[in-house]
Amino acid sequence: MTTRNFEALFAPRCVALIGASNRPGSVGQVLAANLLAGGFAGEILFVNGKGEPVSGRPAWRSVAELPQTPDLAVIATPAAVVPQLISDLGARGCRAAVVISAGFEGDDPQSAALREALLAASRPHLLRIVGPNCLGVLSPRTGLNASFARGTPPAGGLALVAQSGAVAAAALDWAPAHGLGFSHVVTLGDALDIDLGDVLDHLGRDAATRAILVYLESLHDARKFMSAARYAARAKPVVLLKGGRSAAGAKAAFSHTRALAGADAVYSAAFRRAGVLQVDGLDELLDTALLVSAAPTAGGTLTLLTNGGGAAVLAADAFERAGGRLSVLSAETQSRLKAILPAHASAGNPVDILGDAGPDLYARSLEALLEAPEVDAVLTINCPTAVADSDAAAEAVVAARQAARRGKPVLAAWLGEPSVAAGRARLAAAGLPTYPTAEPAARAFARLDALGRFRALLLEAPDEGGASGIEAARPIIEAALAAGRASLDPLEVQAILHAYGVATPEIRLAAAPAEVARLVQAHHADAAVALKIHSPDISHKSDVGGVVVGLRGPEEAERAAEAMLERVRAARPDARLDGFLVQPAIKRPHAQEILAGIVRDPTFGPVIVVGHGGVAVEVLADRAIGLPPLSHALALDMVGQTHVSRLLGGFRDVPRADLDALADLLVSLGRLATDLPEVAELDLNPVLCDETGALALDARIGVRRPDAATARPAILPYPKELVRKVRVDGLEFTVRPVRPADRDLLIDMVDRCAPEDVHLRFSGGVRHLSPDLATRLSQIDYDRHMALVAEAEDGEIVGVGRLVEDPEGETAEFALMVRSDHQRHGLGGLLLQAVLDYAAARGLREVWGDVARENGRMLQLSRDLGFTVGAADGDPARVCVTRNVARAAD
């Protein structure tokens, strides 16, 4: 991931347009006009082959002739000459280019050669490229319009990143009339260099961006996207529309699990795990943009204030279907409303103030609702009537919202067209999310409430790994692969599942019907058994009559085995039959049949699936998908997304199932999936889940040599290999990676430090860690950000060594803090050395830190560990310490 030279892209001082033209309607002419009309304060230079002036400005015939070096180049020329232009620009010191030109996107060898030539020309100069084949880039706050969009939108707090120029152009044309403005707009085109992960990484840090809109069609680097998206989503709302979601249908597969885990479903699960809100169409994206622009943190319950009961009923219906929660107004609030409402008005929710309601009634009712503690947000609705002024009502809503002491979100739906147009425009101009009907407003609020829940799940740490079964499992898998097998036999499956703590009935293998009888006599003489055919060629045994349950005694079991052989041979004469599986018949009358499993996705790697199981699993198609590693809470969230979860919750005389046991099973599957990339598919169906626990009755595991795409999890597991015990000056500490649960411990550590130590660690006047800052410091992705804490024997955190890599993965900044009462004992040196060792193992080139000049002990420690001390950029009170860890690692 890299944001190198993004300042040249988003805040250039000089822009050159190559391919500038005077020909009306040409891309070169529109680009030139947009650059000149956008309000850009820097230099704008034009280049065309003839050196003809453009829009009255001089133009140059080549990059070499330009009077100064541009920070950003915009290229609209034939594709064949673009690589040489990039080489020329890079040689001049240009740091970024927006390649509008098409012609690189084909599958033919010529297009592939052009793409490689373009990248080869940019790499030696670290010149960053947006595109090719894109609409362009806009930064309205700086007046930059390096695009051929229709004009420049207003500046605002929304950022838009799109893989489609057409979608971006439509959004840009729609936004101004609805009061929306943009911080940045980036159309990625073919994304040969700068991709979605890079832009999200930048926008997550961008103070001018309050929320991010994304249009996405495909991903090439899932881990990069997940890391950037999770980072951005922690800081601000990210709303995403994915194109290309339809599928031709699932083909015959090894397991039910693969048939249920379609590519689109995996994308949706990944977005949810990243804390990103996925919407279903351009209308939903724009409707949500209205709300997220005005109230990025909106959520909770909604109150409806209307002058028309029918409109409010429709809004309430839409809100409930979208999963929203209407607020329940307290007796005190209703009493206050009744004191100001007409006799036949409704003071419940919806609050119906009747069709003749004037502006004063709107204002007073809204004021009462905004002051009610049980109200999180209000949707105001107006239906035009001949006895009331909709424009005046809009003005009253604006005034009441501006006068409110509490900044709760207020949405508006002014129904109709000509008679409400002025009022709707007034509401939008005042910054209220304004809609033509109430239903999209209600659904948008419900979506933003759901986004709050997704973002809360970002606090969940990856599973820390409990007892791993890898040592027991790997020899089994290696033996199967060495023998050329693509699946494990049931006894091998049982051994692996038991190694990972997944409960199964004891299985025994019988080669022939007579041996079935002997096994039943020896182990199940007084109990019922289940009998299953054993064949590497039959995945779904019930489909061919290969399962019989409730057999009692050796004679009945032997007869059933003989009959089963006849049925299966008739149904599948081609299948290899290796005998029978005998296991105790399980009677759990209250149990629900659950499916749980693992598949490998070509984009996101291993994924976990859970849903309604049994023989009708594919007909019911009830499933939820999650990306490992999972925590207990994330696993419970997966279960909660399924329809069968309602049955698991208990009904009538059926007690509530042990959902914790099912969640533990899913966490174990997540651990298995990340430990054993050779497990291509795993299918548990059914898992019986009731009040006594979760028991996997039938299981299959497919294996293959892993490939890089499907083996690599999109989210790194908790790096438990970094946990170790150390002794410092007679005291024992655990050095380990930080966890989200450490948030309050970090706050406590800082609170127990001397003020001068806090001042030396945190610039900018920080004296205490806010919960938000502590969350960011404790919830990291373990990829480009690592924090090693020193945990004392009493569980307190007394030191933290932190390393944050630059997006290029070449250098990293360190930070170090030791609680005041644990300083001067060697703990700081130990933590900093641990950070340096980690950096060397990551293959970083350099580690640096920003240290106050007055922090003598930190400077001395840095020198002792081989750092060099130099001046810090722009701050004479601080110095920069630097160490080449690559050389140290050698």
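Details of the structure are given in the entry above.
Residues numbered from 1 in each chain as written. Predicted model: local features only at pLDDT ≥ 70, side-chain atom pairs only at ≥ 80, totals over all residues. Heavy atoms only, no water.

## What about the overall build of the protein chain?
- Summing up its helical and strand segments, the protein chain has 31 helices and 36 strands in all.
- The C-alpha radius of gyration of the protein chain comes to 32 Å, within 12% of the 29 Å expected for a compact globule of 890 residues.
- Across its three principal axes, the protein chain shows a C-alpha extent of roughly 100 × 85 × 65 Å.
- Counting all 890 residues of the protein chain, 56% fall into the buried class.
- In the protein chain, 71% of the contacts between residues at least 6 apart in sequence involve partners at least 24 apart.
- If you sum the accessible surface of the protein chain, you get close to 35,800 Å²; carbon and sulfur atoms cover 52% of it.
- Taking the average place of the 88 positive charges on the side chains of the protein chain and the average place of its 106 negative ones, the gap between the two points comes to 2 Å. (Helix = DSSP H or I, 4+ residues; strand = E, 2+ residues; numbered from the N terminus. Rg over C-alpha atoms; globule rule 2.2 N^0.38 Å. Buried < 20%, exposed > 50% of the residue type's maximum accessible area, 1.4 Å probe, protein only. Contact = heavy atoms within 4.5 Å. Areas by Shrake-Rupley, 256 points an atom, 1.4 Å probe, with all protein chains shown as cover. Lys, Arg positive; Asp, Glu negative; His and termini not counted. Charge placed at Lys NZ, Arg CZ, Asp CG, Glu CD.)

## Remarks on the sheet that holds strand S36 (residues 878–883)
- Across the sheet, which stays open at both edges, the eight strands sit in the order S29-S30-S31-S32-S33-S34-S36-S35 with mixed pairing between neighbours. Two strands lie at the open edges of the sheet, namely strand S29 (724–728) and strand S35 (868–871), each paired on one side alone. The average angle at which neighbouring strand axes cross in this sheet is 25°, direction not considered.
- Across the sheet, helix H29 (residues 827–841) touches S29, strand S30 (731–737), strand S31 (785–792), strand S32 (797–805), strand S33 (811–818), strand S34 (846–852) and S36, and the angle it forms with S32 is around 30°.
- With respect to the sheet, helix H30 (residues 856–864) is in contact with S33, S34, S35 and S36, its orientation differing from that of S33 by roughly 130°. (Pairing = 2+ DSSP bridges. Axes fitted to C-alpha atoms, helices over the stretch in contact; angles between N-to-C directions.)

## Let's talk about the pairing of S29
- Both S29 and S30 contribute to a ladder of five bridges, which runs antiparallel. Following the sheet pairing, Lys-725 is matched in S30 by Thr-734.
- Turn length for the S29-S30 hairpin, with the two strands adjacent in sequence and antiparallel, is two residues, and the turn residue Asp-729 shows positive phi of about 55°.

## Details of the packing of aromatic side chains
- On inspection of all chains with the given rule, the structure shows eight aromatic pairs.
- Consider the rings of Phe-319 and Phe-445, whose centres lie 6.2 Å apart with planes at 45°: the pair is tilted. Taken together, the residues span a long stretch of sequence, with Phe-319 in helix H11 (residues 309–321) and Phe-445 in helix H16 (residues 438–457) at a distance of 126 residues. For the pair formed by Phe-319 and Phe-445, the shared burial category is buried.
- The structure contains a cluster of three or more aromatic residues connected by ring pairs, namely Phe-225, Tyr-267, Phe-271 and Phe-604.
- The side chain of Lys-242 reaches across the aromatic face of Tyr-267, ending 4.5 Å from its centre. (Phe/Tyr/Trp six-rings, centres within 6.5 Å; stacked < 30°, edge-to-face > 60°. Lys NZ or Arg CZ within 6 Å of the ring centre and 35° of its normal.)

## Overview of the state of the cysteines
- Under the criterion given, the structure shown has zero disulfides.
- Here Cys-14 stays free of any disulfide, with the sulfur of Cys-94 as its closest cysteine sulfur at 8.7 Å.
- Judged by its relative accessible area of 2%, Cys-14 is buried. (Disulfide = S-S within 2.5 Å.)

## Details of the sheet that holds strand S13 (residues 277–279)
- Pairing is mixed across the open sheet formed by seven strands, whose spatial order is S8-S7-S10-S9-S11-S12-S13. One side of each edge strand has no neighbouring strand; the edge strands of this open sheet are strand S8 (144–147) and S13. Each strand axis lies, on average, 20° off the axis of its neighbour in the sheet, ignoring direction.
- Here six bridges tie strand S9 (residues 155–162) to strand S10 (residues 182–187), and the two strands are oriented parallel to one another. Pairing of Val-161 across the sheet is with Val-186, part of S10.
- Packing against the sheet, helix H9 (residues 263–273) makes contact with strand S11 (211–216), strand S12 (238–242) and S13, and its axis sits at approximately 175° to S12.

## Considerations on the pattern of salt bridges
- Applying the stated criterion across every chain, the model contains 41 salt bridges.
- Notably, a salt bridge pairs Arg-426 with Glu-395, separated by 3.0 Å at the nearest N-O pair. In this pair, Arg-426 is assigned in helix H15 (residues 421–429) and Glu-395 in helix H14 (residues 390–403), connecting sequence segments 31 residues apart.
- Residue class for Arg-426 comes out partly exposed when judged on its relative accessible area of 29%.
- The salt bridge partner of Glu-678 is Arg-474, with a shortest N-O separation of 2.7 Å. Placement of the pair is Glu-678 in the loop between helix H24 (659–675) and strand S26 (679–690) and Arg-474 in helix H17 (residues 470–482), with a sequence separation of 204 residues.
- Beyond isolated ion pairs, a larger network of salt bridges with shared partners links Arg-128, Asp-193, Asp-195, Asp-198 and Lys-224. (Salt bridge = Lys/Arg side-chain N within 4 Å of Asp/Glu carboxyl O.)

## Re the environment of Thr-209
- Relative to the assigned elements, Thr-209 resides in the loop between helix H6 (196–205) and S11.
- Remark: the alpha-carbon pair of Thr-209 and Glu-691, spanning 482 residues in sequence, is separated by 48 Å.
- Contact partners of Thr-209, with chain neighbours within four places excluded, come to Gly-157, Ala-159, Ser-183, His-184, Leu-203 and Lys-236.
- A polar side-chain atom of Thr-209 sits 2.7 Å from a polar atom in the side chain of Ser-183. (Polar contact = N/O pair within 3.5 Å; in protein donor to acceptor, adjacent residues only side chain to side chain.)

## Topic: the nonpolar core
- With 66 residues, the main nonpolar core has Leu-9, Leu-196, Phe-225, Met-226, Phe-604 and Leu-627 as its most contacted residues.
- For Leu-9, the contacting residues outside a window of four places in its chain are Leu-72, Ala-96, Val-98, Val-130, Val-137, Leu-144 and Ile-194.
- Counting residues in hydrophobic clusters, the runner-up holds 54 residues, among them Leu-135, Leu-277, Ala-295 and Ala-298. (Core = buried A, V, L, I, M, F, W, Y, C linked by side-chain atoms within 4.5 Å.)

## Focus: the side chain of Arg-600
- The residue Arg-600 is located in strand S23 (residues 592–601) in this model.
- An unpaired buried charge is present at Arg-600: no salt bridge exists, and Glu-678, the closest side chain of opposite charge, is 6.8 Å distant.
- Among the polar contacts listed, one links the side chain of Arg-600 to the backbone oxygen of Leu-676, at a separation of 2.9 Å.

## Structural notes on the environment of Cys-689
- Note on placement: Cys-689 falls in strand S26.
- Given the relative accessible area of 0%, Cys-689 is considered buried.
- If we skip the residues at most four places from it in the chain, Cys-689 touches His-590, Ala-591, Gln-592, Ile-594, Leu-648, Ala-657, Asp-658, Leu-662 and Ala-694.

## Focus: H14
- A rise of 1.5 Å per residue sets the reference length of H14, with its 14 residues, at 20 Å; its end C-alpha atoms lie 20 Å apart and thus fit the reference within 8%.
- Within the span of H14, buried status applies to Ser-390, Ala-393, Ala-394, Ala-396, Val-397, Val-398 and Ala-400.
- Two to three positions downstream of the cap, the backbone nitrogen of Asp-391 sits 2.9 Å from a side-chain oxygen, assigning the N-cap of H14 to Asp-389. (Expected span 1.5 Å × (residues − 1).)

## Here we look at the packing of H17 against helix H18 (residues 490–499)
- Put simply, H17 and H18 touch, their axes get as near as 8 Å, and they point 155° apart. Considering their axes alone, H17 and H18 lie roughly antiparallel with respect to each other. Note on packing geometry: the crossing formed by H17 with H18 is left-handed. Between H17 and H18, the residues in contact are Ala-472, Ala-473, Ile-476 and Ile-477 and Glu-492, Ala-495, Ile-496 and Ala-499, respectively. (Parallel < 35°, antiparallel > 145°, perpendicular 65-115°, else oblique. Left-handed = near helix turned anticlockwise from the far one by under 90°.)

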